[in-house]
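Notes for the structure review
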Amino acid sequence: ERRTNAPADGSGVFQSTLDDQRKFIADEAAKIKDPIARKKYEADMLKRVVPYAQDNIKFEAEQKQLFVGQQIDASLTTLENTIRSNPEAHKNVWIEGNALIEGNKDLPAYARRAAKKTWEQRSAFAHFNGMLERAASPEEFDAIQAELNKPIWQQRLTPEGFNAVQSYTVATSMHDTF
């Protein structure tokens with residue numbers, strides 16, 4: 001129940017659970033008259049707390065990473081929409097997205113690397129989507145195709161994204177010539 005009612009980032013679960021367990025142990029220990037038996041009871045019960053504490057620490061770390069990832073994703077979606085509406089701004093907005101990811105030290109390094117690669121792909125696809133949404137003439141579609149054929153875009157787009165943009169530009173360009 002404590003996890004269900006925890007804040008989105010999972011904070012406080014470990015400490016509040018540990019505090020409650022310590023209080024319970026202290027209250028129960030206080031009922032034991034023999035001081036040696038009381039200390040033994042406290043020691044035995046505190047040993048049992050360790051797995052729960054470790055589990056709660058893991059839960060908080062996972063929730064924090066998930067929460068931070070969701071926040072970054074929401075910000076990147078906004079930046080992605082900026083690129084889509086203004087494809088010429090791609091480079092500056094892409095740099096801004098990378099800085100956002102890299103600046104968030106709540107994500108482990110491996111997660112930041114993966115997020116940057118995903119952002120690179122998303123921003124590149126948004127760049128071409130924005131260009132395609134604006135294009136109205138065969139010449140504009142030919143220019144998009146020429147841009148797409150630059151090696152940098154073949155590196156930044158996923159194969160599926162590259163093929164989708166290429167198929168759309170070819171199909172639209174052919175349609176407009178009839």
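Residues numbered from 1 in each chain as written. Predicted model: local features only at pLDDT ≥ 70, side-chain atom pairs only at ≥ 80, totals over all residues. Heavy atoms only, no water.

**Quick notes on the overall build of the protein**
Scanning the protein for helices and strands turns up seven helices and zero strands. Starting at the N terminus and ending at the C terminus, the protein contains elements arranged as α-α-α-α-α-α-α. For 178 residues, the compact-globule estimate of 2.2 N^0.38 gives 16 Å, and the C-alpha radius of gyration of the protein, at 27 Å, exceeds that figure by more than 25%. Taken along its principal axes, the extent of the C-alpha atoms in the protein is 95 × 25 × 25 Å. When each of the 178 residues of the protein is scored for burial, the buried share is 34%. For the protein, the centre of its 24 positive side-chain charges and the centre of its 26 negative side-chain charges are spaced 11 Å apart. (Helix = DSSP H or I, 4+ residues; strand = E, 2+ residues; numbered from the N terminus. Rg over C-alpha atoms; globule rule 2.2 N^0.38 Å. Buried < 20%, exposed > 50% of the residue type's maximum accessible area, 1.4 Å probe, protein only. Lys, Arg positive; Asp, Glu negative; His and termini not counted. Charge placed at Lys NZ, Arg CZ, Asp CG, Glu CD.)

**Points about the side chain of Arg112**
When you line up the elements, Arg112 lands in helix α4 (residues 109–134). Residue classification places Arg112 among the buried positions, given a relative accessible area of 11%. From its side chain, Arg112 meets the backbone oxygen of Leu107 in a polar contact 2.4 Å long. Sequence-distant contacts of Arg112, defined by excluding residues within four places in its chain, comprise Ile101, Glu102, Asn104, Lys105 and Leu107. (Polar contact = N/O pair within 3.5 Å; in protein donor to acceptor, adjacent residues only side chain to side chain. Contact = heavy atoms within 4.5 Å.)

**Focus: the packing of aromatic side chains**
Under the defined criterion, the tally for this structure stands at two aromatic pairs. Plain terms: the ring middles of Phe128 and Trp153 are 5.1 Å apart, the flat faces sit at 85° to each other, and that makes the pair edge-to-face. With a gap of 25 residues between them, Phe128 in helix α4 and Trp153 in helix α6 (residues 151–156) connect regions that are remote in the sequence. Take Phe128 and Trp153: they sit in the same class, and that class is buried. Cation over ring: Arg156 sits above Trp153, and NZ or CZ is 5.8 Å from the ring centre. (Phe/Tyr/Trp six-rings, centres within 6.5 Å; stacked < 30°, edge-to-face > 60°. Lys NZ or Arg CZ within 6 Å of the ring centre and 35° of its normal.)

**A look at the confidence of the model for the protein**
Per-residue confidence for the protein gives a mean pLDDT of 88, with 94% of residues at or over 70. Within the protein, the lowest mean pLDDT, 74, falls on helix α7 (residues 159–177), and the highest, 96, falls on helix α3 (residues 90–102). (pLDDT = per-residue confidence, 0-100.)

**Describing the nonpolar core**
In terms of nonpolar packing, the biggest core is built from 14 residues, with Ile72, Leu76, Val93, Ile101 and Trp119 touching the most fellow members. If you list the elements that add at least two residues to this core, you get α2 (35–85), α3 and α4. The element best represented in this core is α2, accounting for five residues. Counting twelve residues, the second-largest nonpolar core is a separate cluster that includes Met131, Phe141, Leu148 and Val165. (Core = buried A, V, L, I, M, F, W, Y, C linked by side-chain atoms within 4.5 Å.)

**Digging into α2**
In this model α2 runs 73 Å from its N-terminal to its C-terminal C-alpha over 51 residues, within 8% of the 75 Å that 1.5 Å per residue would give. Where α2 bends most, the angle comes to about 25°, and this point is Val50, followed within four residues by the proline Pro51. Those residues of α2 lying buried are Met45, Val49, Ala53, Asn56, Phe59, Val68, Ile72, Leu76, Leu79, Glu80 and Ile83. Among the structural elements, α1 (13–30), α3 and α4 are those in contact with the buried residues of α2. Its side-chain oxygen at 3.2 Å from the backbone nitrogen of Ile36, Asp34 defines the N-terminal cap of α2. (Expected span 1.5 Å × (residues − 1). Bend = angle between axes of the 7 residues up to and from the residue.)

**A word on the pattern of salt bridges**
In total, this model carries 16 salt bridges according to the counting rule given. A salt bridge links Glu88 to Arg134, with the nearest nitrogen and oxygen atoms 3.0 Å apart. Taken together, the residues Glu88 in the loop between α2 and α3 and Arg134 in helix α4 connect sequence positions 46 residues apart. Glu88 gets classed as exposed once you look at its relative accessible area, which sits at 61%. Put simply, Lys150 and Glu147 hold a salt bridge, and the shortest N to O gap is 2.9 Å. Among the ionic contacts, a cluster of salt bridges with common partners joins Asp73, Glu80, Arg84 and Arg122. (Salt bridge = Lys/Arg side-chain N within 4 Å of Asp/Glu carboxyl O.)

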